[in-house]
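# An overview of the molecular structure
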Amino acid sequence: MLGPRGVTRARQLRPLRLWPRRPWGDGSIMASMQKRLQKELLALQNDPPPGMTLNEKSVQNSITQWIVDMEGAPGTLYEGEKFQLLFKFSSRYPFDSPQVMFTGENIPVHPHVYSNGHICLSILTEDWSPALSVQSVCLSIISMLSSCKEKRRPPDNSFYVRTCNKNPKKTKWWYHDIISSKNSNDLDDTC
């Protein structure tokens, strides 16, 4: 497009609208969430991360709550141990992270896992991205457990378990492993 005196000027582009002009109703959001969960459910069934299997009974009544059975990775402190992860999805998933926690009788003893099953892992809260998935969360948890050098609870476990909300997403986590080393001598790699 030519402007005055033959000078080429760029076309003015309108900003791309990411949302429809009218607000979404709950039905559209729910349909989007259910479609994404069905896709992830199939992916987890067909290509689960190593040592993970979907507990089929957990999804029979609701697609918004899953239990994933997990076995400790070979060659780690958790080799041969069996755990269960509970995933709860809100209607805002994948824009909102799932609530993920260990459940059942065997909660791993780990510096980032509280005895009530709550997991201190940044991708479950402020580092969540809609690009992440159930599989990527599972892989992060496997990696977290596999890299553990010593089985121990977080130092504030007793206080936290007594005072925390039942929903771990309502916790304001402090990630001590990213604090400078001069300030974290006694905090080490705890949550």
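Worth saying up front: this structure is predicted, and the values here are computed from it rather than measured.

With that settled, the discussion passes to the confidence of the model for the chain. Chain-level pLDDT for the chain is 81 on average; 74% of the residues reach the 70-or-more range. Every residue in residues 178–190 is under pLDDT 50, and counting partners more than four places away or in other chains gives 17 contacts.

Within the secondary structure, Gln-135 sits in helix H2 (residues 134–146). When the C-alpha positions of Gln-135 and Met-52 are compared, they lie 9.4 Å apart, and in sequence the two are 83 residues distant. Aside from chain neighbours lying at most four places away, what touches Gln-135 is Ala-43, Leu-44, Asp-47, Pro-48 and Pro-49.

Another aspect to go through is unusual backbone geometry. A cis amide bond links Tyr-93 to the next residue, Pro-94, at an omega of 10°. Looking at the secondary structure, you find Pro-94 in the loop between strand E3 (82–88) and strand E4 (99–103).

Pairing between the strands of a sheet comes from backbone hydrogen bonds, and it takes one of two forms, parallel or antiparallel. Spatially, the four strands line up as an open sheet ordered E1-E2-E3-E4, and their pairing is antiparallel. With one partner strand each, in any of the chains shown, strand E1 (52–54) and E4 form the two edges of the open sheet. Shown here is a sheet whose adjacent strand axes are inclined to one another by a mean of 25°, direction ignored. Examined bridge by bridge, strand E2 (residues 65–71) and E3 share seven bridges and lie antiparallel to one another. Residue pairing for E3: Asp-69 is matched across the bridge by Gln-84.

This brings us to the packing of aromatic side chains. In total, this model carries seven aromatic pairs according to the counting rule given. Here Tyr-78 and Phe-83 contribute two aromatic rings whose centre-to-centre distance is 6.1 Å and whose plane-to-plane angle is 70°, an arrangement assigned as edge-to-face. Overall, Tyr-78 belongs to the buried group, its relative accessible area being 1%. On the basis of relative accessible area, Phe-83 is assigned to the buried category, the value being 2%.

How each quantity is defined
- Residue positions are given per chain, counting from 1 as you read along its sequence in written order.
- Owing to the predicted nature of the model, reporting of local features is limited to residues with pLDDT of at least 70; listing and counting of side-chain atom pairs is limited to 80 or more, with chain, interface and lining totals taken over all residues.
- Heavy atoms throughout the structure, all of them, feed into the side-chain values; hydrogens and water do not.
- A residue's pLDDT is simply how confident the predictor is in it, with values from 0 to 100.
- Throughout, a contact is declared for two residues whenever any of their heavy atoms are within 4.5 Å.
- A helix here means a DSSP run of H or I that spans at least four residues, while a strand means a run of E at least two residues long, and both kinds are numbered starting from the N terminus.
- Strand pairing is assigned whenever DSSP detects at least two bridges linking the two strands.
- Every angle, taken between N-to-C directions, lies between 0 and 180 degrees, and every axis is a line fitted to C-alpha atoms, over only the stretch in contact when it is a helix.
- We call Phe, Tyr and Trp rings a pair once their centres come within 6.5 Å, taking the six-membered ring for Trp, and we label the pair stacked below 30 degrees between planes, edge-to-face above 60, and tilted otherwise.
- Here's how the labels work: a residue is buried when its accessible area is under 20% of the maximum for its type, exposed when over 50%, partly exposed in between, all with a 1.4 Å probe on protein chains only.

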